[in-house]
Amino acid sequence: MILRPVLQLAAVAAAAAALSGCSLLSTPDPVQNYRFGLPLDAPSAEGDTPAPLSVSIRRIEFPEATGDDRILGVTGTETAYIGGARWVSPAATLFDDSLKAAFANRADQIRVLGRREPGTPPLVLQVSVTTFEARYSAPGATPDVVITARAQLRSTPERRAGGNAAIRPETARSVERVFTVTQPATENRVAAIVAAFDTATRDINTQIADWTIQSSK
């Protein structure tokens, strides 16, 4: 098994405290860092024709158990972190970068506004990740990576009114959708599990970007 229990027994901590000074200075187990998702490159030039849509993406919401640099595995009701492997940055940060990259690949259709840009954004996207885990059907089985995210897109009254009519509060609009991607790993090895996280993240963020564009029309 490559899983490490999430909860450490108190006896383990007590035993560690009782070790000699030389033992405490021993070399820790090596940890390999990984990343996932579309890389966030430099922003694309808008060219002569700016994108017809613009959106502000709020900070990604992530479950506490999976938002940091640990990789969560789930078998039934038991949870454990994959030993010897960490994300190079918190998973919430890597997911956020990947989502922005998915939009950057559609720069001719939509532009992502900086979170500190002044003014009221015409579209606001909030993505809440509710599941981000490697799911095992049985101990030692080859897992499926499961990612579920709820996306909510809000349009401001200014956009709905088009600047040509009186702005009324009721013209604001909000739509939402839940996205789920299940990506089987090819084997129960860390590299294969990370590859499944990478593929699943790219897939779900591409779907979210395309849905945002379609829902804005």
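Summarised in this report is the structure supplied together with it. Just so we're clear, the structure is a prediction, and the values are computed from it rather than from any experiment. (Residues numbered from 1 in each chain as written. Predicted model: local features only at pLDDT ≥ 70, side-chain atom pairs only at ≥ 80, totals over all residues. Heavy atoms only, no water.)

With respect to the overall build of the protein
Next, step 1: Along its length, the protein carries five helices and nine strands.
Next, step 2: Sorting the 217 residues of the protein into buried and exposed places 39% on the buried side.
Next, step 3: Expressed as a percentage of contacts within the protein between residues at least 6 apart in sequence, the contacts between residues at least 24 apart total 76%.
Next, step 4: Carbon and sulfur atoms make up 52% of the accessible area of the protein, which totals about 12,200 Å². (Helix = DSSP H or I, 4+ residues; strand = E, 2+ residues; numbered from the N terminus. Buried < 20%, exposed > 50% of the residue type's maximum accessible area, 1.4 Å probe, protein only. Contact = heavy atoms within 4.5 Å. Areas by Shrake-Rupley, 256 points an atom, 1.4 Å probe, with all protein chains shown as cover.)

Quick notes on the pattern of salt bridges
Next, step 1: For the coordinates displayed, the defined rule picks out seven salt bridges.
Next, step 2: With a closest N to O distance of 2.9 Å, Asp68 and Arg70 form a salt bridge.
Next, step 3: Exposure remark for Arg70: the relative accessible area of 27% places this residue in the partly exposed category.
Next, step 4: Residues Arg135 and Glu133 are paired through a salt bridge, measuring 2.8 Å at the closest nitrogen-oxygen approach.
Next, step 5: Since its relative accessible area comes to 38%, Arg135 is described here as partly exposed.
Next, step 6: You can call Glu133 buried: its relative accessible area is 13%. (Salt bridge = Lys/Arg side-chain N within 4 Å of Asp/Glu carboxyl O.)

Here's the deal with the environment of Gly76
Next, step 1: By the secondary structure assignment, Gly76 is in the loop between strand 4 (70–75) and strand 5 (78–87).
Next, step 2: By relative accessible area, Gly76 is classed as exposed at 62%.
Next, step 3: As a C-alpha pair, Gly76 and Pro139 span 63 residues in sequence and 9.3 Å in three-dimensional space.

As for the packing of helix 3 (residues 91–104) against helix 5 (residues 190–215)
The geometry of a pair of packed helices is captured by two quantities: the angle between their axes and the separation between those axes.
Next, step 1: One way to put it is that helix 3 packs onto helix 5 with a least axis distance of 9 Å and a crossing angle of 50°. As the angle between them shows, helix 3 and helix 5 are arranged oblique. As helix 3 packs across helix 5, the resulting crossing turns out to be right-handed. Contact residues: helix 3 offers Phe95, Ser98, Leu99, Ala102 and Phe103, while helix 5 offers Thr201, Ile204, Asn205, Thr206, Ile208, Ala209 and Thr212. (Axes fitted to C-alpha atoms, helices over the stretch in contact; angles between N-to-C directions. Parallel < 35°, antiparallel > 145°, perpendicular 65-115°, else oblique. Left-handed = near helix turned anticlockwise from the far one by under 90°.)

A closer look at helix 3
Next, step 1: In a regular helix each residue adds 1.5 Å, so 14 residues correspond to 20 Å; helix 3 covers 20 Å between its end C-alpha atoms and thus fits that length.
Next, step 2: By the criterion of burial, helix 3 is predominantly enclosed, with 10 of the 14 residues buried.
Next, step 3: When we look at burial in helix 3, the residues that qualify are Ala91, Ala92, Leu94, Phe95, Asp96, Ser98, Leu99, Ala101, Ala102 and Phe103. (Expected span 1.5 Å × (residues − 1).)

With respect to the pairing of strand 3 (residues 53–57)
Next, step 1: In terms of burial, strand 3 is a largely internal element, five of the five residues being buried.
Next, step 2: Burial along strand 3 is two-sided: Leu53, Val55 and Ile57 facing one way and Ser54 and Ser56 facing the other are all buried.
Next, step 3: As defined by bridge partners, strand 3 adjoins strand 6 (residues 110–113) across four bridges and the pair is classed as parallel. Counterpart to Val55 in the pairing with strand 6 is Val112. (Pairing = 2+ DSSP bridges.)

Notes on the nonpolar core
Next, step 1: Counting residues in hydrophobic clusters, the biggest one holds 46 residues, and the most contacted among them are Trp87, Phe95, Leu125, Val127, Phe132 and Ile208.
Next, step 2: Listed by contribution, the elements that provide at least two residues to this core are strand 3, strand 5, helix 3, strand 7 (123–136), strand 8 (144–155), strand 9 (173–184) and helix 5.
Next, step 3: Per element, the largest residue contribution to this core is 11 residues, and it comes from helix 5.
Next, step 4: With residues near it in sequence (within four places) discarded, Trp87 still touches Asn33, Tyr34, Arg35, Phe36, Asp68, Asp69, Arg70, Ile71, Leu94, Phe132, Val194 and Phe197. (Core = buried A, V, L, I, M, F, W, Y, C linked by side-chain atoms within 4.5 Å.)

Structural notes on the packing of aromatic side chains
Next, step 1: Overall, the coordinates contain eight aromatic pairs when judged by the stated rule.
Next, step 2: Ring plane angle 80° and centroid distance 5.3 Å describe the contact between Trp87 and Phe197, whose orientation is recorded as edge-to-face. In this pair, Trp87 is assigned in strand 5 and Phe197 in helix 5, connecting sequence segments 110 residues apart. Each member of the pair, Trp87 as well as Phe197, is classed as buried.
Next, step 3: Ring geometry for Phe179 versus Trp211: centroids 5.8 Å apart, planes at 75°, classification edge-to-face. With Phe179 in strand 9 and Trp211 in helix 5, this residue pair connects regions lying 32 residues apart in the sequence. Across the pair, exposure class does not vary: Phe179 and Trp211 are buried alike.
Next, step 4: Taken together, Phe36, Phe62, Trp87, Phe95, Phe132 and Phe197 form an aromatic cluster joined through their ring pairs. (Phe/Tyr/Trp six-rings, centres within 6.5 Å; stacked < 30°, edge-to-face > 60°.)

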